[in-house]
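These are the residues of each chain, in order.
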Amino acid sequence: MVIDRRVPLSAALFAMAALAFAAALPVPPDRAALVLRLGQPVRLIDPAATGPAARASAGLAWHMPLVERVVWLDRRAQTTTTQGLGPHSAAIATRDGTALAIDGFAVWRVTDPVRFYQALGTPADADEAMRAMLMTVLRRQVAQSDLPAVLALVRAGGDAALRAGLDREIARYGATVVDLGLSRVTWPDGAPIDGAIATMTARADADAAAITAEGHRAASLIRADAEARAGQIYAASFGKDPEFYDFYRAMQSYDAAFVQKGNHATLVLSPDNTYLRQFRGK
Amino acid sequence: MVMDGLDTGKATDGPADDGSGVAHHDGPRAAVAPDAPAADAVDGVAASAPLRVNAPGPWHHSRVRQPARSALRPVAPLPGARAAAWLARRLPPVTLRPFGSGPASRWLPWLGGALVLAGLAATTVHPVGVQEQAIVATAGAWGPTLGPGLALSWPWPIGAVRIENVTGVRHLAVPDSGGEHLLLTRDGALADVAWDVRWRIRDLQAHALGLADPDLTLRLAADAAMRSVVASVDFAAVIGPGRATIGPAAAHRLQAMLDRDHAGIVIDGVDLRRADPPARAADAFRAVNTARSDAATEAVQAHSWARQTVTRASGDAAAFDKVHDQYARAPAVTRRQIYYATMERVLGQNTTVIVDAPGTTVTLPPPVPAGTDAAHGGAATNGH
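Residues numbered from 1 in each chain as written. Chains lettered and ligands numbered in written order. Predicted model: local features only at pLDDT ≥ 70, side-chain atom pairs only at ≥ 80, totals over all residues. Heavy atoms only, no water.

### Some words on the overall build of chain B
The line we're drawing: Think of it this way: any DSSP run of H or I at least four residues long counts as a helix, any run of E at least two long counts as a strand, and we number them from the N terminus. Here the term buried applies to any residue with accessible area under 20% of the maximum for its type, exposed to any over 50%, and partly exposed to those in between, with areas from a 1.4 Å probe on protein chains only. Under the convention used here, a 1.4 Å probe and the Shrake-Rupley method define accessible areas, while residue burial counts only the protein chains that appear.
The helix and strand tally for chain B stands at 13 helices and ten strands. Classification of the 384 residues of chain B by burial places 39% in the buried group. When the accessible surface of chain B is split by element, carbon and sulfur atoms take 62% of a total near 20500 Å².

### Observations concerning the overall build of chain A
Just so we agree on the cut-off: Any two residues whose heavy atoms approach within 4.5 Å are treated as being in contact.
Secondary structure assignment for chain A yields eight helices and ten strands. Looking at chain A residue by residue over its 282 residues, the buried ones come to 39%. Put simply, of all contacts in chain A between residues at least 6 apart along the chain, 71% involve residues at least 24 apart.

### Points about unusual backbone geometry
Negative phi is the rule for most residues except glycine; trans is the rule for most peptide bonds. Backbone torsion omega between B:Trp156 and B:Pro157 reads 5°, so that peptide bond is classified as cis. One can find B:Pro157 in the loop between β4 (149-152) and β5 (159-165). B:Pro175 follows B:Val174 through a cis peptide bond whose omega is -5°. Mapped onto the elements, B:Pro175 comes out in the loop between β6 (170-174) and β7 (182-184). The residue A:Leu66 is not glycine, and still its phi comes out positive at about 70°. Inspection of the secondary structure assignment puts A:Leu66 in the loop between β4 (59-62) and β5 (68-74). For B:His262, which is not glycine, the phi torsion reads 55° and is therefore positive.

### Some thoughts on the confidence of the model for chain A
Basically, it comes down to this: You can read pLDDT as the predictor saying how much it trusts each residue, on a scale of 0 to 100.
The predicted model of chain A has a mean per-residue pLDDT of 86, with 93% of residues at 70 or higher. Per-element confidence in chain A is highest for strand β6 (residues 78-81) of chain A, whose mean pLDDT is 92, and lowest for helix α2 (residues 54-57) of chain A, whose mean pLDDT is 68.

### Some points on the packing of aromatic side chains
The test is simple: Stacked, edge-to-face and tilted are the three classes for Phe, Tyr and Trp ring pairs, Trp counted by its six-membered ring, which pair at centre distances within 6.5 Å; planes under 30 degrees apart are stacked, over 60 edge-to-face, the rest tilted.
Applying the stated criterion across every chain yields a total of 14 aromatic pairs over all chains. On the basis of an interplanar angle of 35° and a centroid distance of 5.7 Å, the ring pair of A:Phe244 and B:Phe320 is categorised as tilted. In this pair, A:Phe244 sits in helix α8 (residues 242-258) while B:Phe320 sits in helix α11 (residues 282-329), so the two residues belong to two different chains. By relative accessible area, A:Phe244 is classed as buried at 0%. Between the aromatic rings of A:Tyr254 and A:Phe258, the centroid separation amounts to 6.5 Å while the plane-to-plane angle is 45°, which identifies the pairing as tilted. Of the two residues, A:Tyr254 and A:Phe258 both sit in helix α8, four residues apart, roughly one turn of that helix. On the accessibility criterion, A:Tyr254 (31% relative accessible area) is partly exposed. According to the relative accessible area criterion, A:Phe258 is partly exposed, its value standing at 24%. Grouping aromatic residues by their ring pairs yields a cluster made of A:Tyr234, A:Phe238, A:Phe244, A:Tyr245, A:Phe247, A:Tyr248, B:Phe320 and B:Tyr327.

### Description of the packing of helix α7 (residues 191-238) of chain A against α11(B)
The line we're drawing: With axes taken as lines fitted to C-alpha atoms, and helix axes fitted only over the stretch in contact, angles between N-to-C directions fall between 0 and 180 degrees. Throughout this description, any angle smaller than 35 degrees is read as roughly parallel, any larger than 145 degrees as roughly antiparallel, any in the 65 to 115 degree range as roughly perpendicular, and the remainder as oblique. Gly is put with the polar residues, along with every residue not named as nonpolar or charged; the nonpolar set is Ala, Val, Leu, Ile, Met, Phe, Trp, Tyr, Cys and Pro, and the charged set is Asp, Glu, Lys and Arg.
Running from N to C, α7(A) and α11(B) cross one another at 5°; their axes reach a closest spacing of 8 Å. Relative to α11(B), the element α7(A) lies roughly parallel. For the contact of α7(A) with α11(B), a count of residues per class yields 25 nonpolar, eight polar and ten charged.

### Examining the environment of A:Pro113
Residue and element names in this part refer to chain A. Turning to its location among the elements, Pro113 is positioned in helix α3 (residues 113-120). What makes Pro113 buried here is its relative accessible area of 3%. Discounting chain neighbours no more than four positions away, the residues touching Pro113 are Ala32, Leu44, Asp46, Leu73 and Arg75.

### Quick word on the interface of chain A and chain B
Spelled out, the test is: Defined here as a combined quantity, buried area equals the accessible surface (1.4 Å probe) lost by two parts on assembly, summed across both. Every case where a carboxyl oxygen of Asp or Glu lies within 4 Å of a side-chain nitrogen of Lys or Arg is listed as a salt bridge. Each polar contact in these results corresponds to two N or O atoms within 3.5 Å; when the atoms are within protein, one needs to be able to donate a hydrogen and the other to accept it, and residues that are neighboring in sequence are counted only if both atoms are side-chain atoms.
Listed per partner, the contact involves 95 residues of chain A and 94 residues of chain B. Summed over both partners, the interface of chain A with chain B buries about 8400 Å², with 66% contributed by carbon and sulfur atoms. The tally of links from chain A across to chain B stands at five salt bridges. Our count for the chain A to chain B interface comes out at 21 residue pairs in polar contact (both at pLDDT 80 or more). For the side of chain A that touches chain B, the leading source of residues is α7(A), giving 26 residues. Classifying every residue of the side of chain A that touches chain B gives 49 nonpolar, 22 polar and 24 charged.

### Details of the sheet that holds β5(A)
Residues and elements named next belong to chain A. Stated formally: At least two DSSP bridges between two strands are required for those strands to pair.
Within the open sheet, the three strands sit side by side as β3-β2-β5. Their pairing is antiparallel. The open sheet is flanked by β3 (40-45) and β5, the only strands paired with a single partner. Ignoring strand direction, the axes of neighbouring strands in this sheet form an average angle of 25°. Judged from the five bridges that link them, strand β2 (residues 31-37) and β3 form a sheet pairing that is antiparallel.

### A few points about the sheet that holds strand β2 (residues 132-138) of chain B
All names here are of chain B. On the basis of which strands lie adjacent, the open sheet formed by three strands has the order β3-β2-β5 and antiparallel pairing. Of all strands in the sheet, those bounded by a partner on one side alone are β3 (141-146) and β5. Adjacent strand axes in the sheet meet at a mean angle of 20°, parallel and antiparallel pairs treated alike. Relative to β3, β2 is paired through four bridges, and the arrangement is antiparallel.

### Let's talk about the pattern of salt bridges
Under the defined criterion, the tally for this structure stands at 28 salt bridges over all chains. In this structure, the salt-bridge partner of B:Asp271 is B:Arg198, at a minimum N-O distance of 2.8 Å. Highlighted residues: B:Asp271 in strand β9 (residues 265-276) and B:Arg198 in strand β8 (residues 190-201), separated in sequence by 73 residues. Judged by its relative accessible area of 31%, B:Asp271 falls in the partly exposed class. Overall, the relative accessible area of 26% leaves B:Arg198 in the partly exposed class. Among the ionic contacts, a cluster of salt bridges with common partners joins A:Arg37, A:Arg43 and A:Glu68.

### Details of the packing of α11(B) against helix α12 (residues 331-349) of chain B
For any two helices packed against each other, the geometry comes down to the angle between their axes and how far apart the axes lie. Residue and element names in this part refer to chain B. Between α11 and α12, whose axes approach to 5 Å, the crossing angle comes to 130°. Here α12 runs oblique to α11, going by the angle between their axes. Between α11, through Val323, Gln326, Tyr327, Ala328 and Arg329, and α12, the contact on the second element is made entirely by Pro331, Thr334, Arg335 and Ile338. Among the residues forming the contact of α11 with α12, the class breakdown is five nonpolar, two polar and two charged.

This is how it looks when you write it as structure tokens:
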């Protein structure tokens, strides 16, 4: 049997390539590689630890295949939220007893990959633990504050105390809080939200009544003002000769009262009537 | 070893070469070796080739057979041989390789080579569109951000490229479903607010290094920013005059949050889709609006009435003034004239009874009910 001498050569090359492929550890700047030798962390390749130079310090590293295992830790900022656990997460009572439905989110980053991995695993695994810690901190903070303080907290979009509270919790696991916000603050479903809406409705009804009354008042004022001005005009004109005005106005009044279209009255006149003065021939 | 006899020079451009190189060698060789045995060629080319591999070794075989084919043509014009020779020249020279069997062996290397080349091209050359930017990674390390054009990388698995649309405006709708989205206002009321966030990637490197889940973070941060803005104004402002300022204020807060997260995102704007009272309280708020427009209508009507009243007053006054001027000039005559003119109109239209003696009883016709005055002679002429 003839054996091509390139066969062992290519087999060797292939084996070397496979080995190189298995041993190569390209580390991107957004992840850290924690190398475990038989379960024991032996070294950490962490470009992000170099700060802004992360891009430059990333690149090819090596590890021993089979013996060493690599755990990847995301060095980008992770986001954990208490939102979306169920239909709605549980209500938190403030110090003055008002229940509020509050959900928050924390943006956090791994600072010490080895400690973090030993405590909580990879960032993806740690989400549940992070969520629990965030919930605890939120509850504690809200329970210490009264309603106006919580609303002030919402206005500020989370505050330093809240951030520091969570930071204290997760610092011991090798992570830090970048940002913390409240993504949902409202009245809990059921009676509280119904009550709030009922209050709003009552307030709106009162507003509507007040607006109607105010409209009437304004209209009355406008009319009264016009009447006053009209009276002023009449007085200025008719006041010149009240006696003639009385006569003139009486004539107008007769016209208005008796000379209407379709109006028929029977007038009984005494022969002494002024109108009939000439009638008598006196 | 059988292979010791091989021409080492030929071995380098033999099997290691791919098809095109061998094809160029074929023509000239055929021309310079006219005296090869004819039988070799008549046997056919491709089919018999594998059978002969074991005897003289791969390179010997291919070199001998090539010239024989072309020399045959004028000497033995057998129809089969002619066709075979024609076919042999047309066939790619890969068929002359010593290994492989059957027709598939002619095309498989070509196909494989093409696949490898295509794979290389696909993982090496990356077109970057007008709206896009690219980061080329080489064994993990990222290069600079590249603009539109062709981005070159090492082939897989050494190189990789990340291409993102950076100039295109992206939209995020909050809430993502159509339902109510109730936000707490400063006075403890609830407003149903929905909005769109327009955003772009500002810095691809920062964006790629910044947030593990930009979409989720952006959604939560957008909600938090809007809530903080709405919580700092009263309900009436949210559903009314404050609407115009809420969007920009929320965009500003959201941008500040994302900058704190080093998200590499720029917020172009926040557009309110709606800012309404909750659906369950909507009727009451509609009633408020109705009351408001009713009040406005009433005011307009009052103004109109007022204008009429004043105009009429000044008209009456002016008329009186004119008559009075005349009266002042001739009081007695004017007075009598007006009196008689009025009396004519009054008595001319009404029935007049003149009672001469005091104490006379007058029987009047019963009063005519309103609406049935058609029976009356006078009314019938009124053009009812």
